[in-house]
Amino acid sequence: MPKLKGFEFWRNTLRGARFVVAPMVDQSELAWRLLSRRHGAQLCYTPMLHAQVFVRDANYRKENLYCDVCPEDRPLIVQFCANDPEVFVQAALLAQDYCDGIDLNLGCPQMIAKRGHYGAFLQEEWGLLQKMIVLANEKLSVPVTCKIRVFPEIGKTVKYAQLLEEAGCQLLTVHGRTKEQKGPLAGVASWEHIQAVRKAVNIPVFANGNIQYLSDVEQCIQKTGVQGVMSAEGNLHNPALFEGRNPVVWEMAEEYLEIVQQYPCPLSYVRAHLFKLWHHTLQVHQHLRDELAKVKTLEGLVAVNKELKLHCQEEIANLKEEEKPKGGLPFFHWICQPYVRPGPKEACKENGTVGMEGSTRGKRALEDEDDGNSDSLSKNKQKKKLRNPNKSFDPSLKPKYAKCDQCGNPKGNKCVFNLCRGCCKKRAFRETADCPGHGLLFKTKYEKSLLWKSGQSSLENIEVTAQKGEVEETILLKEAIDGVA
């Protein structure tokens, strides 16, 4: 059959999918995809896979795709990060028989993507991206899609999208944030950028960003005109988001754990999912957080979920009439609901409202740790305080270190050169010197080696002398014997 393109691909192969689960590193594995599909998701992406590793490592292919074959898990798009056209195509050729499309990740903004030079850090290299998509479009039997982040300028974002379409991209997912908008600085995704892209291209477009409830999905489609909406964080905190339901957290956890028993995955993936599902509840029952972190088996996770369920049911039984959720939450903590990441204090003061347009979501203020007060310390520092009650985090009490004469790092207190260890090691090696303060003994070792060499020479001289003496003794003995004869 000829390869379907654009809207035909979306309508026929992807079955007109509107509700999409995003590709998430180690978090959109088969078990989670099946849970999401049971609760309204119509299309799922695999976790982001590294193209180069996928090509060279058979175990990586088996663990991340080949062992995940499941008839329920379709339609499915496999996402790769790559920065080399040949490697991207090789990986895609190995994956194409197990999916309905191959996606090129141009949206990851994390530091690992910067170091590896992929994801959103390729968005300025239009020539390279064009080569990658053109080659993949020619070689693959399934369509190529892309997931991008926007530029601050709408016009540049539109040109970027059009370039990808011309190169052969058959479906575009637009995350309405720039690569700088991440973590506490995420802010609100720009649907205006997404709307402009949708109007400018002739291929299906999915929107990503600002999706916390099913009503957000409908509002996004209405405002931007996109064919579908993708969710990542919203889906992780509420897998039933696309159903328009907010179930209790233990219900979703129980169902997910049952699926994991049938389709196993690393325990770290499962634990991470439960931390997301139980996020609000773990703020109340903090002892369960420690139990979840320590447990080593799937059975142990099931037991922790049962304990959480019992605690929550006790709270529900003791709930007073007209009692409202605490902490500014829309629902009680045991109900699946969105989590808005806390942002900088300045952003909180300036943007305290919640909404989709013309405002920034309210962010919780960062804890003030300057005074070292245990009530305002981060959880990590509170744990350190428990282990060592005398520990102080007051910056004014921190010892002042003298700086290295060369690089500015703290110098060694007993360094003979007044340097840090790195600089001291270079100098001591260069000058064949010792620094007892840093335990560097280049001079001593050199002198020992010379002494050892001289000792070896002395031994050789003794051996030669001994050999000469033996020869002379043999000659004299022979002469004596001849004389007697």
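Note that the structure is predicted; figures quoted are calculated from it, not measured.

**Here we look at the side chain of Arg177**
Right, so step 1: As for its position among the elements, Arg177 is in the loop between β7 (171-175) and α9 (191-200).
Right, so step 2: Separated by 3.0 Å, the side chain of Arg177 and the backbone oxygen of Gly187 make a polar contact.
Right, so step 3: Leave out the neighbours within four places in its chain, and Arg177 touches Arg149, Val150, Ala186, Gly187, Val188, Ala189, Gly209 and Asn210.

**Some thoughts on helix α2 (residues 30-38)**
Right, so step 1: Most of α2 is tucked away, with 8 of its 9 residues classed as buried.
Right, so step 2: Lining the buried residues of α2 we find β1 (19-21), β2 (43-45), β4 (76-81), α11 (233-237), α12 (249-262) and α13 (267-277).
Right, so step 3: One or two positions beyond α2, positive phi appears at Gly40, with a value near 110°.

**Considerations on the confidence of the model for the protein**
Right, so step 1: When pLDDT is averaged across the protein, the result is 87; 86% of the residues are at 70 or more.
Right, so step 2: Per-residue pLDDT stays below 50 along residues 346-372; that stretch engages in 59 contacts with residues further than four places along the chain or on separate chains.

**Quick word on the packing of aromatic side chains**
Right, so step 1: Inspection of every chain in the model, using the stated rule, returns 12 aromatic pairs.
Right, so step 2: Measuring from ring centre to ring centre gives 5.1 Å for Phe54 and Phe80, while their planes differ by 70°; the resulting arrangement is edge-to-face. Linking Phe54 in helix α3 (residues 51-56) with Phe80 in strand β4, this pair joins segments that are 26 residues apart in sequence. For the residue pair Phe54 and Phe80, the accessibility class agrees, reading buried in each case.
Right, so step 3: Both rings, one in Phe332 and one in Trp334, keep their centres 4.9 Å apart while their planes meet at 5°; by these two values the pair is stacked.

**Structural notes on the nonpolar core**
Right, so step 1: Phe80, Ile102, Leu164, Leu172 and Trp278 are the most contacted members of the largest nonpolar core, which has 112 residues in total.
Right, so step 2: With 8 residues, the top contributor of residues to this core is α12.

**Quick look at the pattern of salt bridges**
Right, so step 1: Here the structure, examined in full by the defined rule, presents 12 salt bridges.
Right, so step 2: With a shortest N-O distance of 3.2 Å, Glu180 and Lys179 are connected by a salt bridge.
Right, so step 3: Judged by its relative accessible area of 47%, Glu180 falls in the partly exposed class.
Right, so step 4: For the salt bridge of Glu251 with Arg245, the shortest nitrogen-to-oxygen distance reads 3.6 Å.
Right, so step 5: Glu251 sits in the partly exposed class, given a relative accessible area of 32%.

**Some points on unusual backbone geometry**
Right, so step 1: In this chain, Arg74 is followed by Pro75 through a cis amide linkage whose omega measures 0°.
Right, so step 2: On the secondary structure map, Pro75 appears in the loop between α4 (58-64) and β4.
Right, so step 3: Positioned with a positive phi, His117 is a non-glycine residue whose angle comes to about 60°.
Right, so step 4: Turning to its location among the elements, His117 is positioned in the loop between α6 (111-116) and α7 (126-139).
Right, so step 5: In this model, Asn210 sits at a positive phi of 75°, which is unusual for a non-glycine residue.
Right, so step 6: Here Asn210 shows up in the loop between β8 (205-208) and α10 (214-224).
Right, so step 7: Residue classification places Asn210 among the buried residues on the basis of a relative accessible area of 5%.

**Some details on the side chain of Arg37**
Right, so step 1: Along the chain, Arg37 falls in helix α2.
Right, so step 2: Not counting the four nearest positions on each side in its chain, Arg37 is found in contact with Gln42, Leu43, Cys44, Glu72, Asp73, Arg74, Pro75 and Leu76.

**Section: the pairing of strand β6 (residues 144-149)**
Right, so step 1: For β6, a buried count of 6 out of 6 residues is recorded, marking the element as mostly surrounded by other parts of the structure.
Right, so step 2: Alternating positions in β6 separate into two faces, Val144, Cys146 and Ile148 on one and Thr145, Lys147 and Arg149 on the other, with burial throughout.
Right, so step 3: Two elements, strand β5 (residues 101-106) and β6, share 5 bridges in a ladder whose sense is parallel. Along β6, the bridge assignment pairs Leu104 with Cys146.
Right, so step 4: In the sheet, β6 pairs with β7 via 5 bridges, with the strands oriented parallel. Across the sheet, residue Thr145 finds its bridge partner in β7, namely Leu171.
Right, so step 5: Tracing the backbone out of β6, into helix α8 (residues 154-167) and back to the parallel element β7 gives a crossover that is right-handed.

Rules used in this analysis
- Residues numbered from 1 in each chain as written.
- Predicted model: local features only at pLDDT ≥ 70, side-chain atom pairs only at ≥ 80, totals over all residues.
- Heavy atoms only, no water.
- Helix = DSSP H or I, 4+ residues; strand = E, 2+ residues; numbered from the N terminus.
- Polar contact = N/O pair within 3.5 Å; in protein donor to acceptor, adjacent residues only side chain to side chain.
- Contact = heavy atoms within 4.5 Å.
- Buried < 20%, exposed > 50% of the residue type's maximum accessible area, 1.4 Å probe, protein only.
- pLDDT = per-residue confidence, 0-100.
- Phe/Tyr/Trp six-rings, centres within 6.5 Å; stacked < 30°, edge-to-face > 60°.
- Core = buried A, V, L, I, M, F, W, Y, C linked by side-chain atoms within 4.5 Å.
- Salt bridge = Lys/Arg side-chain N within 4 Å of Asp/Glu carboxyl O.
- Pairing = 2+ DSSP bridges.
- Right-handed = clockwise from strand over helix to strand, strands pointing away.

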